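# A closer look at the structure
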Amino acid sequence: MSTIAVHQSECMRLHRVGGPLAAERRDLPAPQAGQALLRVRACGVCRTDLHLVDGELPEPRLPIVPGHEIVGEVVACGSGVHWSAGARVGVPWLGHTCGRCRFCTSGQENLCDAALFTGYQLDGGYAEHVLADARYCFELPHELDDAHAAPLLCAGLIGYRSLRMAGDAERLGIYGFGAAAHIIAQVARWRGQEVYAFTRPGDAPAQRFALELGARWAGDSDRMPPEPLDAAIIFAPVGALVPLALKALRKGGVLVCGGIHMSDIPAMPYNLLWGERVVRSVANLTRRDAIEFLDLAARAPVRTHVETFALADANEALERLRAGRLTGAAVLLPG
Ligand SMILES: [Zn+2]
Ligand SMILES: [Zn+2]
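## So, the overall build of the chain
A count of helical and extended segments in the chain gives 8 helices and 16 strands. Seen along its three principal axes, the alpha-carbon backbone of the chain occupies a region of about 60 × 40 × 40 Å. A buried classification covers 49% of the 335 residues belonging to the chain. If you take every contact in the chain between residues at least 6 apart in sequence, the share linking residues at least 24 apart comes to 69%.

## Observations concerning the pairing of strand E13 (residues 249-257)
The pairing of strand E12 (residues 229-234) with E13 spans 5 bridges and is classified as parallel. Within E13, the position partnered with Ala 232 by the bridge is Leu 255. For the handedness criterion, the β-α-β arrangement of E12, helix H6 (residues 241-248) and E13 is classed as right-handed. Where E13 meets strand E14 (residues 278-281), 4 bridges bridge the pair, whose relative direction is parallel. Residue pairing across strands places Cys 257 opposite Ser 281, the latter belonging to E14.

## Points about the sheet that holds strand E10 (residues 194-199)
On the basis of which strands lie adjacent, the open sheet formed by 6 strands has the order E11-E10-E9-E12-E13-E14 and parallel pairing. In this open sheet, the two strands that pair with only one neighbour each are strand E11 (217-220) and E14. Ignoring which end each strand starts from, the neighbouring axes of this sheet average 20° apart. Bridge count between strand E9 (residues 171-175) and E10: 5 bridges; the pairing is parallel. When the sheet's bridge partners are listed, Ile 174 is paired in E10 with Ala 197.

## Observations concerning the domain arrangement of the chain
Interface size, as often reported, equals the accessible area lost upon joining of the parts. Partitioning the chain into structural domains gives domain 1 (8-153 + 305-333) and domain 2 (156-281). Taken together, the 14 residues of domain 1 in the interface contact 11 residues of domain 2. Among the elements that make up the side of domain 1 that touches domain 2, the one with the highest residue count is helix H1 (residues 47-53) (3 residues). Partitioned by chemical class, the residues of the side of domain 1 that touches domain 2 number 6 nonpolar, 6 polar and 2 charged.

## Focus: the packing of helix H3 (residues 155-165) against helix H4 (residues 179-190)
Viewed as axis vectors pointing N to C, H3 and H4 meet at an angle of 55°, and their least axial separation amounts to 8 Å. Between H3 and H4, the interaxial angle falls into the category oblique. Once H3 is placed against H4, the crossing between them reads as right-handed. Where H3 abuts H4, its residues Ala 155, Gly 156, Ile 158, Gly 159, Tyr 160, Ser 162 and Leu 163 lie against Ala 179, Ala 180, Ile 183, Ile 184, Val 187 and Ala 188. Counted by class, the contact of H3 with H4 contains 10 nonpolar, 3 polar and no charged residues.

## Considering unusual backbone geometry
Comment: phi is negative for the bulk of residues other than glycine, and the bulk of peptide bonds are trans. Geometrically, the link from Gly 19 to Pro 20 is a cis peptide bond, its omega value of 0° lying close to zero. Its location among the elements puts Pro 20 in the loop between strand E1 (8-13) and strand E2 (22-27). Cis geometry is adopted by the peptide bond preceding Pro 301, which originates at Ala 300 and carries an omega value of -15°. Relative to the helices and strands, Pro 301 is located in the loop between helix H7 (287-299) and strand E15 (306-310). Even without being glycine, Glu 276 reaches a positive phi, approximately 60°.

## Side note on H6
Residues spaced three or four apart along an α-helix point in a common direction, a consequence of the helix completing one turn every 3.6 residues. Of all the 8 residues making up H6, 6 are buried; the element is thus mostly covered by neighbouring parts of the structure. Considered for burial, the residues of H6 that qualify are Leu 241, Val 242, Leu 244, Ala 245, Leu 246 and Ala 248. Contact partners of the buried residues in H6: E9, E12, E13 and E14.

## Re the nonpolar core
One finds Ile 174, Ala 197, Ala 232 and Ala 245 to be the most contacted residues of the largest nonpolar core, which totals 110 residues. Per-domain counts for this core show at least three residues from each of domain 1 (8-153 + 305-333) and domain 2 (156-281). Each residue touching Ala 232, except ones within four places of it in the same chain, is listed here: Leu 172, Gly 173, Tyr 175, Ala 245, Ala 248, Leu 249 and Leu 255.

## Points about the environment of Leu 152
Relative to the assigned elements, Leu 152 resides in the loop between helix H2 (146-149) and H3. For Leu 152, a count of 29 C-beta atoms within 10 Å translates into the label buried. For the pair Leu 152 and Ala 179, spaced 27 residues apart in the sequence, the C-alpha separation amounts to 9.2 Å. Discounting chain neighbours no more than four positions away, the residues touching Leu 152 are Leu 157, Ile 183, Leu 294, Ala 297, Val 302 and Thr 304.

## Thoughts on the environment of Pro 266
Inspection of the secondary structure assignment puts Pro 266 in the loop between E13 and E14. Along the sequence, Pro 266 and Pro 243 sit 23 residues apart, while their C-alpha atoms lie 7.8 Å from each other.

## Concerning H3
Burial runs high along H3: 9 of the 11 residues are buried. Every buried residue of H3 is listed here: Ala 155, Gly 156, Leu 157, Ile 158, Gly 159, Tyr 160, Arg 161, Ser 162 and Leu 163. Contacts made by the buried residues of H3 are with strand E3 (35-45), H4, E12, E13, H7 and strand E16 (329-333). At the C-terminal side of H3, Gly 167 shows a positive phi close to 75°.

Procedures and definitions
- Residues numbered from 1 in each chain as written.
- Chains lettered and ligands numbered in written order.
- Predicted model: local features only at pLDDT ≥ 70, side-chain atom pairs only at ≥ 80, totals over all residues.
- Helix = DSSP H or I, 4+ residues; strand = E, 2+ residues; numbered from the N terminus.
- Buried ≥ 20, exposed ≤ 12 C-beta atoms within 10 Å, placed from the backbone.
- Contact = placed C-beta atoms within 7 Å.
- Pairing = 2+ DSSP bridges.
- Right-handed = clockwise from strand over helix to strand, strands pointing away.
- Axes fitted to C-alpha atoms, helices over the stretch in contact; angles between N-to-C directions.
- Domains from an automatic or database assignment.
- Nonpolar A, V, L, I, M, F, W, Y, C, P; charged D, E, K, R; others polar.
- Parallel < 35°, antiparallel > 145°, perpendicular 65-115°, else oblique.
- Left-handed = near helix turned anticlockwise from the far one by under 90°.
- Core = buried A, V, L, I, M, F, W, Y, C linked by C-beta atoms within 7 Å.

Structure below.
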């Protein structure tokens, strides 16, 4: 496939912590060996993008174009990449791994010492075009259009890894009912699990949304579920939820923290952990997670709820996410 030079392309770029993102034109080089140049058809807005703007992630590469839930269309390929022009691929958070460290060689490339992440160290999808390493791009389920497929690429993938780490719980609690939760609740229901949804106290719309998606129970995060939970996942970046969720778990239950950043966990009595309860975090994703989940999302099938924004309105989309004024996931549609 011949290489088409795209000289200039619009993007929304972060120059300093605290933001806002600036609308800019930038030069894009031709794809190098192993890379593809993609036209961005949709890019999801993830809470991690907010943490990036707010300076809650260490050492971002600035300036940076955020966005790691990219649905792209192949424009040009570097040597060694043989995709046809117009093919649709997804680009997730994991953008590069070393392939040699103890984690890469033991099925834990999500923990690679030298990993690079899309929209954090590699320019991402808040843009008309993006350059991606073809080894970390994935085919997407045909059933979903661009906007509805985008949230699968982080909310779905990290949510799926969190669900996997929660084991085969019959009763699964989910704390924070945003983009990841609304996808994972559907997968859990499809697997025959009961979902108990916890939201910000008084957030009746989110609780209704959870019940519509098949949750058995929905309530405020400071309430106890009607039955003890076998496992729970916390997607909200709120450390104070850890003791609350532990209190809701049965003995031997597992609590998974699915976020990349969380406020401090308050001191708590040891008896909340006693009884072989387990607390663990989930970091990033492996390519195996992506292949498994995207296949499963097509079969379940997962239906995402999205609110779309123009690329130029990326700052507004981030503010809506910050304020909790979104149902489902925000997605940018460049062009
Ligand atoms: Zn590695
Ligand atoms: Zn994300």
